[in-house]
Amino acid sequence: IKECLESLLQQDCNFEYEILAIDDCSTDGSLAVMQSLQSPRLKIIANKVNKGAAVSVTEALAQCKGEYLCRFDGDDKWPADFLRKTAAMLDAHREVDIVYGDVAFIDSEGRVTSSSNNINRREPHNPIIENEFVDILNEYYINAPTIMFRKAAFEKAFPLPGYLIEKRNFIDWHISLMVLHQGKAYYIHEPIAYYRLHPKNNHVTIIYDLNAEHVTRYVLNYFVPSNEQIPYWRKRKIFADNYFILAERYFGVQMFDDAKRTYKMIAQYYPPYMLKKEFLKHLVGSYLGTGGYNTIKKVLGRKTQLQNAHTAH
């Protein structure tokens, strides 16, 4: 949290900005660290009871004074030029409600593990301003610490649905969908923030407790079925694409029963998925388990090596 807040306080920009830091009843000494950072820009909100991200963000929004807004997690970082780069894009493009960009991944010690091409949303020759509502229904590829919202557009997402407040997850996806339902996004073709990957990431734990699946289903049902602008086949594919992401994650952490169940759902929503190599390989692998799947991989690997050797001769 110290590294995070210092990166926010050390922004190189020629305009005023404020930081609202929320301590949601932490038990690891985070509040003391936050209080040690003396700055007129920093306001600390210490919750008396644990409220979760959704409620905390809602309450903090009412206290924000700025025209632009970023929602930030306590384990990520900004480079010194983040605010200057993103605010300039909102200044220059009044039709844009969200600015985001590529991200660099760091580990628990702050070491860069992947410096670029981690979002890879658009090639440099493609438009930098788009309406991405349907695209982020397919997969929420926007990385949270890279986002700057126009505050007036951000407020359209509130009040948050009670279900998301209860589950305390996926609020960024829901907020971005609400904003981009009518608005446009500007993409910066370079890493503009650092996202920390570690075993205690929320995105890891919500796979194990199935929370990711429950909230995905809720968000999709909230936005997709009643949308008359999306063709029926595309609606089915949106559900299939999201369940494929979930199934691959279940498979990756060896939750094979959940993987099998989810792969079957994908086939029901959008049968063409059954023609995909990865779908069939991992569906079979989820029935075989780790040992059987690894055996098949070795056999197929030897077969490929023999074929390549034969072709070379």
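The preceding data block contains the structure.
All of the points below concern the structure found in this document. Keep in mind it's a predicted model, so treat the numbers as computed, not measured.

### Notes on the packing of aromatic side chains
Move 1: Per the stated rule, a full pass over the model turns up 18 aromatic pairs.
Move 2: Taking 4.2 Å as the distance between ring centres and 15° as the angle between the ring planes, the aromatic pair formed by W78 and F82 counts as stacked. One exposure class covers both W78 and F82, and it is buried.
Move 3: Centre to centre, the rings of F239 and Y269 are 5.0 Å apart; their planes meet at 10°, and the pair counts as stacked. Of this pair, F239 sits in helix α11 (residues 232–252) while Y269 is found in helix α12 (residues 256–269), placing the two residues 30 residues apart along the sequence.
Move 4: For F239, a relative accessible area of 7% puts it in the buried group.

### Quick look at the environment of V179
Move 1: The topology assignment puts V179 in helix α8 (residues 171–180).
Move 2: Along the sequence, V179 and F149 sit 30 residues apart, while their C-alpha atoms lie 8.7 Å from each other.

### Side note on unusual backbone geometry
Move 1: For the bond from F158 to P159, the omega torsion is 5°, close enough to zero to count as cis.
Move 2: Within the element layout of this structure, P159 appears in the loop between α6 (151–154) and α7 (162–167).
Move 3: You will see that C25, though not glycine, has its phi angle at about 60°, which is positive.
Move 4: Among the secondary structure elements, C25 is positioned in the loop between β1 (19–23) and α2 (30–36).
Move 5: Residue C25 is classed as partly exposed on the basis of its relative accessible area, which comes to 28%.
Move 6: Within the chain, N117 stands out as a residue other than glycine whose phi angle is a positive 55°.
Move 7: On the accessibility criterion, N117 (60% relative accessible area) is exposed.

### Considering the environment of V134
Move 1: Considering the arrangement of structural elements, one finds V134 in helix α5 (residues 133–138).
Move 2: Classification of V134 as partly exposed rests on a relative accessible area of 25%.
Move 3: Spatially, the C-alpha atom of V134 lies 9.4 Å from that of R234, the residues being 100 residues apart in sequence.
Move 4: For V134, the contacting residues outside a window of four places in its chain are I230, R234 and I238.

### Structural notes on the nonpolar core
Where a protein is soluble and globular, its nonpolar side chains tend to be buried together.
Move 1: Residues Y100, L137, Y263 and I266 are the most contacted members of the largest nonpolar core, which totals 62 residues.
Move 2: Residue contributions to this core peak at nine residues, all from α11.
Move 3: In this structure I266 touches A240, Y243, F244, A247, Y273 and F279, once residues within four positions along its chain are discounted.
Move 4: By size, the runner-up hydrophobic cluster in this structure holds 25 residues, among which are A21, L37, L42 and A193.

### Topic: the packing of α11 against α12
Move 1: For the pair α11 and α12, interaxial distance at closest approach is 8 Å and the crossing angle is 165°. Classified by the angle between their axes, α11 and α12 sit roughly antiparallel to one another. As α11 packs across α12, the resulting crossing turns out to be left-handed. Across from R236, F239, A240, Y243, F244, L246, A247, E248, Y250 and F251 in α11, the residues of α12 making contact are F256, D258, A259, R261, T262, Y263, M265, I266, Q268 and Y269.

### Regarding the pattern of salt bridges
Move 1: As enumerated under the stated definition, the model contains 20 salt bridges in all.
Move 2: The closest approach of N and O atoms between R196 and E3, which form a salt bridge, is 3.1 Å. Note that R196 is positioned in strand β8 (residues 184–196) and E3 in helix α1 (residues 2–9), a separation of 193 residues in sequence.
Move 3: Overall, E3 belongs to the partly exposed group, its relative accessible area being 34%.
Move 4: For K237, the salt bridge is made with D241, and the minimal N-O distance between the two is 3.0 Å. Taken together, the positions of K237 and D241, both in helix α11 and four residues apart, correspond to about one turn of that helix.

Calculation rules
Residues numbered from 1 in each chain as written. Predicted model: local features only at pLDDT ≥ 70, side-chain atom pairs only at ≥ 80, totals over all residues. Heavy atoms only, no water. Phe/Tyr/Trp six-rings, centres within 6.5 Å; stacked < 30°, edge-to-face > 60°. Buried < 20%, exposed > 50% of the residue type's maximum accessible area, 1.4 Å probe, protein only. Helix = DSSP H or I, 4+ residues; strand = E, 2+ residues; numbered from the N terminus. Contact = heavy atoms within 4.5 Å. Core = buried A, V, L, I, M, F, W, Y, C linked by side-chain atoms within 4.5 Å. Axes fitted to C-alpha atoms, helices over the stretch in contact; angles between N-to-C directions. Parallel < 35°, antiparallel > 145°, perpendicular 65-115°, else oblique. Left-handed = near helix turned anticlockwise from the far one by under 90°. Salt bridge = Lys/Arg side-chain N within 4 Å of Asp/Glu carboxyl O.

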